[in-house]
Amino acid sequence: MQEALDLLAKYGAKAHVLAGGTDIMVKVNRRQLAPEVLVYIGECGLNYIKDLGDKVVIGGATPFAEILRSDVVKQKLPLLAEAVKHIGTPAIRNAGTIGGNLVTASPAADSSVPLLALGASVKLASKSGERVVPLEEFFRGPGETVRKPDELLVEVIVPVPDKDLKFAYHKIGRRKAGTLSVVAGAVVFKAEGAPRGTALARDQACYFEKCTQARVVLNAVAPTPLVAKRASALLEGSALDAELIAKIAKTAAEETSPIDDVRASAWYRRQASEGLVKSLLERIVA
Ligand SMILES: Cc1cc2nc3c(=O)[nH]c(=O)nc-3n(C[C@H](O)[C@H](O)[C@H](O)COP(=O)(O)OP(=O)(O)OC[C@H]3O[C@@H](n4cnc5c(N)ncnc54)[C@H](O)[C@@H]3O)c2cc1C
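A brief look at the structure comes next.

## Focus: the site of the ligand
Near the ligand lie 30 residues; those nearest to it are Val17, Gly20, Thr22, Asp23 and Thr97. Measuring from an oxygen atom of the ligand, one finds a backbone N or O atom of Ala19 at 2.8 Å. For the ligand, a nitrogen atom lies 2.8 Å from a polar atom in the side chain of Asp110. In isolation the ligand has 980 Å² of accessible area, and contact with the protein removes 86% of it. If one sorts the elements of the shell around the ligand by residue count, helix α7 (residues 98-104) sits on top with 4 residues. Grouping the amino acids of the shell around the ligand by side-chain chemistry returns 14 nonpolar, 11 polar and 5 charged.

## Section: unusual backbone geometry
Phi is mostly negative for residues that are not glycine, and the peptide bonds are mostly trans. In this structure, Ala105 takes a positive phi of about 55° despite not being glycine. By the secondary structure assignment, Ala105 is in the loop between α7 and α8 (112-117). Residues other than glycine seldom take positive phi values, yet Ala220 does so here, at roughly 65°. Topologically, Ala220 is positioned in the loop between β13 (210-219) and β14 (226-227).

## Looking at the layout of surface pockets
Approximately 200 Å³ is the volume attributed to the second largest pocket. Along the wall of the second largest pocket there are 13 residues; nearest its centre are Pro107, Ile259, Asp261, Arg263 and Arg269. Within the lining of the second largest pocket, the residues separate by chemical class into 8 nonpolar, 2 polar and 3 charged.

## Re the sheet that holds strand β4 (residues 55-59)
Across the sheet, which stays open at both edges, the 5 strands sit in the order β3-β4-β9-β5-β6 with antiparallel pairing between neighbours. Each end of this open sheet is capped by a strand with a single partner; those strands are β3 (49-51) and β6 (129-134). The sheet shows a mean angle of 20° between the axes of neighbouring strands, taken without regard to direction. Pairing analysis gives 6 bridges linking strand β5 (residues 121-126) to β6, with the strands arranged antiparallel. Residue pairing in the sheet places Leu124 in a bridge with Arg131 of β6.

About the thresholds
Residues numbered from 1 in each chain as written. Predicted model: local features only at pLDDT ≥ 70, side-chain atom pairs only at ≥ 80, totals over all residues. Heavy atoms only, no water. Near = heavy atom within 4 Å. Polar contact = N/O pair within 3.5 Å; in protein donor to acceptor, adjacent residues only side chain to side chain. Areas by Shrake-Rupley, 256 points an atom, 1.4 Å probe, with all protein chains shown as cover. Helix = DSSP H or I, 4+ residues; strand = E, 2+ residues; numbered from the N terminus. Nonpolar A, V, L, I, M, F, W, Y, C, P; charged D, E, K, R; others polar. 1 Å grid on protein atoms, 1.4 Å probe; cavity = no way out; pocket = protein on both sides within 12 Å on 5 of 7 lines; lining within 4 Å. Points joined across faces, edges and corners; volume = space filled by probe spheres on them. Pairing = 2+ DSSP bridges. Axes fitted to C-alpha atoms, helices over the stretch in contact; angles between N-to-C directions.

Keep in mind that these numbers describe shape and distance, not what the molecule does.
In structure tokens, the structure reads:
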């Protein structure tokens, strides 16, 4: 890894990192990019998943297939496991890495949804030191992050959620598999009080008396993967009932700023966002 950092320090913006190559080589093949220097990081010790108790750290060059195979991820971060299943095809998951997915900074990056929902951070390293950036502050716009040209994304740090964290994830694409997101989303929260089926639930149509640590996340509907802050705030600290579910879904859709592109119109993406958030919340309370 030191050699990679030396090369990035030496060549700066002329150098491009090559991990799995599933994004960068597409750009090279289409002649959208002609890197003077490629720094291959596939074999410099950044392929690992470590269970540190209250957090799981994933090396920046860990391919999605390894993440899917990991018992630690299955047991401690089931939301991440669920989302990774829907990334690309087996060949793409064998080559494509979690770091590459985040640094590419596509608004549709699928690993960003569970990672933002779980409050993950990334560790960036350069010759002059390391810094940890919350993922929420990492993305700047399509293809843009706060990463400097001499920095490597060396680690993704994911706090382990409580076992009773409620969560749901879904990806809408143009096909069932091997497809990019038209919109994908996750909802997470902790619930206190009456679950559905109790006297309170039946009498007041209240699914949970109080939700905390709530997050509503969507991708492909804004210049960066989106934490729907107003929708999350509605859920946080509130009693969850059918009326609130409808309001959260509508608010999340209002927070999007989608564009028309080859996969869907902005209109469709906004409608789909509302339907998606509603169905995620309904799935949790069902
Ligand atoms: C057919 C196909 C289907 C796909 N399907 C999906 C999908 O369903 N969902 C989805 O989200 N993506 C999808 N992708 C996109 C792609 O596979 C992912 O974004 C992948 O995770 C990129 O990782 P990589 O290791 O291949 O990155 P690379 O192509 O090697 O690099 C991508 C970018 O990140 C930089 N980079 C890579 N690693 C680091 C690092 N550790 N530190 C600093 N910079 C770094 C590179 O310089 C480059 O700019 C698909 C791509 C293809 C070709």
